[in-house]
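Residues per chain, in single letters:
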Amino acid sequence: MSEYKRPTSEAAFHQNFEQIKPLMNDTEAYYESSRCLFCYDAPCIKACPTGIDIPLFIRQINTGNLKGSAKTIYESNHFGNVCGKVCPTEVLCEGACVYNEQNVKPIEIGRLQSHSTTKAIQDNTKLFTSLPENGKKIAVIGAGPAGIAAACELRLFGYEVDIFEAKAQPSGLALHGTAPYKITNAEVLEEMQYLEAQFGFNTHYNKKINSAAEARELEEKYDAIFLGIGLGGTRSARIEGEDFENCEGATEFIETLKLAPLKAAVGKRVVVIGGGNTAMDAASESSRMGASEVTLLYRRAKEEMPAYEFELDLAKGVGVRAVFNVQPLAVLGDGKVEGIRSIRTESKDGKLSNIAGTEFDIACDMVIKATGQEKQRNFLDTLNVAYDNSGRIEVDEHFRCGKTKYFAAGDAVNGGAEVVNACAEAKKAAQGIHQFLS
Amino acid sequence: MANLQANLAGIKSPNPFWLASAPPTNSGYQIMKAFDAGWGGAVWKTLGVPIINTSSRYGALHYRDSRMMGFNNIELITDRPLSHNLKEIEEVKKYFPDHAVIASLMVQSREEWHQIVKDVQNAGADGIELNFGCPHGMCERGMGSAVGQEPEVLKTITEWVMEVANVPVIVKLTPNISDITEPAIGAVQGGADAISLINTIQSVIGVDLDTFVPYPQVDGKSTNGGYCGPAVKPIALNMLKNCAQHPDVTIPISGIGGIESWRDAAEHLLLGASNVQVCTAVMHYGFGIVREMISGLENYMDEKGFETLDDMVGKSLQNVLKWENLNLKYKVVADIDTDKCIGCQLCYIACEDGAHQAIGLSGTEENRVPHIIEENCVGCNLCSLVCPVEECITMVRKDDGKQDVSWTDLAAKDMAPTEFEDEKAGGRHHWVPAPADALKK
């Protein structure tokens, strides 16, 4: 039995999705920052894709220089607040902390980063002022982490930046895709507003760039175009019955949960297919939404699972049952999910095969497919931007797409990674644009 | 089990832990509570003509999340009438006849000294401490450290006291002086039975960066105070050692300054204190800390085979020489235990920027364990001090132990460097990088 009841109010929802990295108060931040050793050539910096000078910002917190600490963070990472909360710090900065070598609890870098940046956002601390204007214009497609990070960086160089966003709200997966217990929507949007006010880029919502004609118009009007288009909807699981009612893609399920949590449909007995972090999120979220039984099916062994260990632990912690070496064969039911048929698998020399005669059924009333997201090949064809076999945009070392005026970064280039990777790469792409135009 | 019984110039107490004359000994109530908690003695908050105190009196120096590494006060002597204190001394002695109650005194004229000494003796005080140390407020009126800084005056006042004293007299010294042994000798010459040191060090504890007013603040202004707490222990230990080693300081010493644990107390005892006095630690944690002090010192004494305090008092003095008599042939170099190293590289940057460029890095991302460049290592200890891992960096002896040559020996044989370009300079053949190497990335 799940410990969570289906939330019927905003308050109940937030209670079920209590923050796993809650904000620190000043005292906790002071104590925690006191513990930092201020390592030389610190491993935490190297483990951060955006290379934040972590020991420096921690020392700045410790000495009461909160403005300085926020500046240190934002100079390296324009999504400093979101990243403090949603980064898998266990495998990045905190995983690299030398205290781990001593079996001492690593510094809580993520929470310290949130402490610093939340204060800056709440106080609307101006960290970047008197930006130059160089008279050139850049279009950014997509207001996700990559697009916004690129926009901020481009503004620092003096470009006028217009962002075109298909959805009604900004921040991409940071808003629409991250688990609610990692960050609240309000926090994501507040950072966006903070950045927008400070950097002064223009964001146009509900403005999907679709056609070749629209693309040509942008190409004419702008000196360069940055693509931060991310990925598409959930990829097909290629199993029978996946079009049944109550069989949903994880990306879509999570987006509904994020935008209209009280309206999200969650079954009583939920099966989640997949072994990535999105699968873990979808499973955890189903449980926290009141599902009484949540089962995670992954076709390979636990060790081969692409999700982080701590994400699986989080899911297990809210009652999710994980089953490994199981290949779903068909969603059962009559137009409506009644169960799922699977078969046991085994790996031999890296090759996965089904074990004949081991089919079994699990009764359920909802199936969530966390089987990866589609690439946006059609759109890239429209733009005439090249991509590789798996649909990832091909870029050079400056993140430029061939010899075009397009540059790209984020999930659309790396195939789907963390917010922090998108920020790091987009920043470099913006620098690539600047190099290209100067 | 070790016997903690202490005896300072005839003043006996069940253990060597006394409360110093300060706010924790302001009243009979506090002292009774302290004795009940286990303290062996208490020096009553200084008696004299009662004063008027300021509101806001203390300031503190914090180090990161450690509170009160250093502490500073501008409080004066007792503000309570003498008769109240005398009555309470009498009462405390009734309840605790075997504990040491010392009256700290500070007055001006010979007549006043005579009167107050007789008064506290009549009340039953086991000893008297002359406060020649207070470095704020009282010194402006010619008392406290104003006396302690003038050995002749100190000697004269001590003589006045000795004219009527029939209990042991301790002279409490101020550290706000170039050579602490001068007033110590003045106390001996004046006939005192013991000295105690150190009183607080003149200090400004910090400045409010918003109002520009230093701490502690009294209606928008401040004044210098007296500094104490854990941070002053090294200064106290040095002055204690100077007095304890001086041939003319022939009377016992009560050690004061930065004592918070049994370890601090043991250090004072080893450097020549017959007992110790504590204030700041009690102001921080209350009287209960004495239990840790007693049990820690007992265990330490048992472990070292000391049956009584006399077995350990002054035991370290023989190991403190003048610099010029240290063996210049002794050579240690650092050694890093690669299994214990956590890769913080603090030793590397400390040596690189703050010492002798004697630690190298592997140059690879995977291996963060630094290594000692032995030919550059001067054995300064810095790396072992900054290392956050216990016993990870140790200093290993490299000389054969057969030679003992000091500066004094060298000077006597005309082998010490005497000229700017002297061949005999210690660093003459040490490798140092070229200045411009600093700018190479």
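Residues numbered from 1 in each chain as written. Chains lettered and ligands numbered in written order. Predicted model: local features only at pLDDT ≥ 70, side-chain atom pairs only at ≥ 80, totals over all residues. Heavy atoms only, no water.

Participant: Just give me the short version of the overall build of chain A, but keep the residues and values in it.
Facilitator: Helices and strands together make up the secondary structure of chain A, namely 18 helices and 14 strands. In terms of C-alpha radius of gyration, chain A reaches 22 Å, essentially the compact-globule figure of 22 Å for 438 residues. In terms of principal-axis extent, the alpha carbons of chain A reach across some 65 × 55 × 50 Å. Here chain A holds 438 residues, and the buried ones make up 54% of them. Long-range pairs, those at least 24 residues apart, make up 70% of the contacts in chain A with a sequence separation of at least 6. Accessible surface, chain A: about 18,500 Å² in total, of which carbon and sulfur atoms supply 47%. Across chain A, the 48 positively charged side chains and the 59 negatively charged ones have centroids separated by 1 Å. (Helix = DSSP H or I, 4+ residues; strand = E, 2+ residues; numbered from the N terminus. Rg over C-alpha atoms; globule rule 2.2 N^0.38 Å. Buried < 20%, exposed > 50% of the residue type's maximum accessible area, 1.4 Å probe, protein only. Contact = heavy atoms within 4.5 Å. Areas by Shrake-Rupley, 256 points an atom, 1.4 Å probe, with all protein chains shown as cover. Lys, Arg positive; Asp, Glu negative; His and termini not counted. Charge placed at Lys NZ, Arg CZ, Asp CG, Glu CD.)

Participant: Describe the domain arrangement of chain B, with residues and values.
Facilitator: When its domains are assigned, chain B resolves into domain 1 (6–319) and domain 2 (323–440). The gap between the C-alpha centroids of domain 1 of chain B and domain 2 of chain B is 40 Å. (Domains from an automatic or database assignment.)

Participant: Pulling in residues and values, what's your account of the domain arrangement of chain A?
Facilitator: All names here are of chain A. In terms of domains, chain A is made up of domain 1 (18–122), domain 2 (137–232 + 375–437) and domain 3 (247–369). Taking only C-alpha atoms, the centre of domain 2 and the centre of domain 3 are 31 Å apart. Counting from both sides, the interface comprises 14 residues of domain 2 and, opposite them, 13 residues of domain 3. Buried surface at the junction of domain 2 and domain 3, both sides included, amounts to about 1,100 Å², of which 46% is carbon and sulfur. Along the contact surface separating domain 2 from domain 3 lie three salt bridges. The salt bridge partner of E255 is K167, with a shortest N-O separation of 3.3 Å. At the junction of domain 2 and domain 3, the tally comes to seven residue pairs in polar contact (both at pLDDT 80 or more). No other element matches the three residues that helix α10 (residues 172–176) contributes to the side of domain 2 that touches domain 3. (Buried area = accessible area lost by both parts, 1.4 Å probe. Salt bridge = Lys/Arg side-chain N within 4 Å of Asp/Glu carboxyl O. Polar contact = N/O pair within 3.5 Å; in protein donor to acceptor, adjacent residues only side chain to side chain.)

Participant: So, the sheet that holds strand β9 (residues 169–172) of chain B: which residues are in play, and what are the values?
Facilitator: All names here are of chain B. Spatially, the eight strands close up into a barrel ordered β3-β4-β7-β8-β9-β10-β13-β14, and their pairing is parallel. Ignoring strand direction, the axes of neighbouring strands in this sheet form an average angle of 25°. Pairing between strand β3 (residues 17–19) and strand β4 (residues 41–47): two bridges, direction parallel. Of the residues in β4, the one forming a bridge with W18 is G41. Its contacts with the sheet put helix α5 (residues 151–164) on β8 (127–131) and β9, and the angle it makes with β9 is roughly 160°. (Pairing = 2+ DSSP bridges. Axes fitted to C-alpha atoms, helices over the stretch in contact; angles between N-to-C directions.)

Participant: Go over the interface of chain B and chain A, please, and point to the residues and values.
Facilitator: With 14 residues of chain B in contact, the opposing surface of chain A contributes 17 residues. Contact between chain B and chain A buries roughly 1,400 Å² in total, counting both sides, with carbon and sulfur atoms accounting for 55%. Our enumeration of links across chain B and chain A arrives at one salt bridge. Here A:K46 makes a salt bridge to B:E365, at a shortest N to O gap of 3.3 Å. Counting across the chain B and chain A interface gives eight residue pairs in polar contact (both at pLDDT 80 or more). Within the side of chain B that touches chain A, the residues separate by chemical class into eight nonpolar, two polar and four charged. (Nonpolar A, V, L, I, M, F, W, Y, C, P; charged D, E, K, R; others polar.)

Participant: Before we move on, can you summarise the sheet that holds strand β13 (residues 366–369) of chain A with the specific residues and values?
Facilitator: All names here are of chain A. Strand order in the open sheet formed by five strands is β5-β13-β6-β7-β8, and the pairing between neighbours is parallel. The open sheet has two edge strands with one neighbour each: β5 (247–249) and β8 (321–323). Direction aside, the axes of adjacent strands within the sheet are offset by 20° on average. Pairing between strand β6 (residues 269–273) and strand β7 (residues 293–297): five bridges, direction parallel. For V270, the partnering residue across the bridge sits in β7 and is V294. Lying over the sheet, helix α13 (residues 250–259) contacts β5 and β13, oriented at roughly 85° with respect to β5. Across the sheet, helix α14 (residues 277–288) lies against β6, β7 and β13, angled at about 170° from β7, the strand it touches most.

Participant: Can you tell me about the pairing of β9(B), naming the residues and giving the values?
Facilitator: All names here are of chain B. Of the two faces of β9, both are covered, the one formed by V169 and V171 as well as the one formed by I170 and K172. Where β9 meets strand β10 (residues 194–197), three bridges bridge the pair, whose relative direction is parallel. Among the inter-strand pairings, K172 is bridged to a residue of β10, identified as S196. Each parallel crossover has a hand, and for β9 linked through helix α6 (residues 181–190) to β10 it is right-handed. (Right-handed = clockwise from strand over helix to strand, strands pointing away.)

Participant: Help me get a handle on the environment of A:P261, residues and values and all.
Facilitator: Residue and element names in this part refer to chain A. Residue placement: P261 occurs in the loop between α13 and β6. Residue classification places P261 among the buried residues on the basis of a relative accessible area of 8%. P261 sits 39 residues away from Y222 along the chain, and the two C-alpha atoms are 39 Å apart.

Participant: Help me get a handle on the layout of surface pockets, residues and values and all.
Facilitator: Residue and element names in this part refer to chain B. Of the volumes computed, that of the second largest pocket is approximately 710 Å³. Lining the second largest pocket are 21 residues, with N327, L328, K329, Y330 and K331 sitting closest to its centre. Class assignment for the residues of the lining of the second largest pocket results in twelve nonpolar, six polar and three charged. (1 Å grid on protein atoms, 1.4 Å probe; cavity = no way out; pocket = protein on both sides within 12 Å on 5 of 7 lines; lining within 4 Å. Points joined across faces, edges and corners; volume = space filled by probe spheres on them.)

Participant: How would you summarise the nonpolar core if you had to cite specific residues and measurements?
Facilitator: In terms of nonpolar packing, the biggest core is built from 85 residues, with B:W39, B:I195 and B:L297 touching the most fellow members. With six residues, helix α10 (residues 290–304) of chain B is the single largest residue contributor to this core. Setting aside anything within four residues of it in sequence, one finds B:I195 in contact with B:I170, B:V171, B:L173, B:A184, B:A187, B:C243, B:V249, B:I251, B:P252, B:I253 and B:S254. By size, the runner-up hydrophobic cluster in this structure holds 49 residues, among which are A:L127, A:F199, A:A224 and A:A422. (Core = buried A, V, L, I, M, F, W, Y, C linked by side-chain atoms within 4.5 Å.)

Participant: Would you mind going over the packing of aromatic side chains in detail, with residue names and values included?
Facilitator: Residue and element names in this part refer to chain A. For the structure on display, the rule yields 15 aromatic pairs over all chains. With 6.3 Å between their ring centres and 5° between their planes, F17 and Y181 make a pair best called stacked. With F17 in the loop between α1 (10–16) and α2 (26–35) and Y181 in the loop between α10 and α11 (185–199), this residue pair connects regions lying 164 residues apart in the sequence. The buried category is assigned to Y181, whose relative accessible area is 0%. Here Y74 and Y194 contribute two aromatic rings whose centre-to-centre distance is 5.7 Å and whose plane-to-plane angle is 55°, an arrangement assigned as tilted. Remark: Y194 occurs in helix α11 and Y74 occurs in helix α5 (residues 66–76); sequence separation between them is 120 residues. The residues Y74 and Y194 share a single accessibility class, namely buried. A network of ring pairs unites the aromatic residues F13, F17 and Y181 as a single cluster. One Lys or Arg, R35, reaches over the ring of Y99 and ends 5.2 Å from the middle of that ring. K71 extends its terminal NZ or CZ atom over the ring of F128, reaching a point 5.2 Å from the ring centre. (Phe/Tyr/Trp six-rings, centres within 6.5 Å; stacked < 30°, edge-to-face > 60°. Lys NZ or Arg CZ within 6 Å of the ring centre and 35° of its normal.)

Participant: Give a description of the side chain of A:N16 that names residues and reports values.
Facilitator: Residues and elements named next belong to chain A. In this fold, N16 is placed in helix α1. Take N16: its relative accessible area is 11%, and that puts it in the buried class. If we ignore the near neighbours within four places in the chain, the residues touching N16 are Y4, K5, P7 and R288.

Participant: Talk me through the packing of α13(A) against α14(A); I want residue IDs and the actual numbers.
Facilitator: To describe two helices that pack against each other, one gives the angle between their axes and the distance between the axes. All names here are of chain A. Packing of α13 against α14 brings their axes to within 10 Å, and their N-to-C directions diverge by 45°. Here α14 runs oblique to α13, going by the angle between their axes. In this structure, the crossing between α13 and α14 has a hand that is left-handed. In contact with A250, F253, I254 and L257 of α13, α14 contributes T278, D281, A282, E285 and S286. For the contact of α13 with α14, the per-class residue count stands at five nonpolar, two polar and two charged. (Parallel < 35°, antiparallel > 145°, perpendicular 65-115°, else oblique. Left-handed = near helix turned anticlockwise from the far one by under 90°.)

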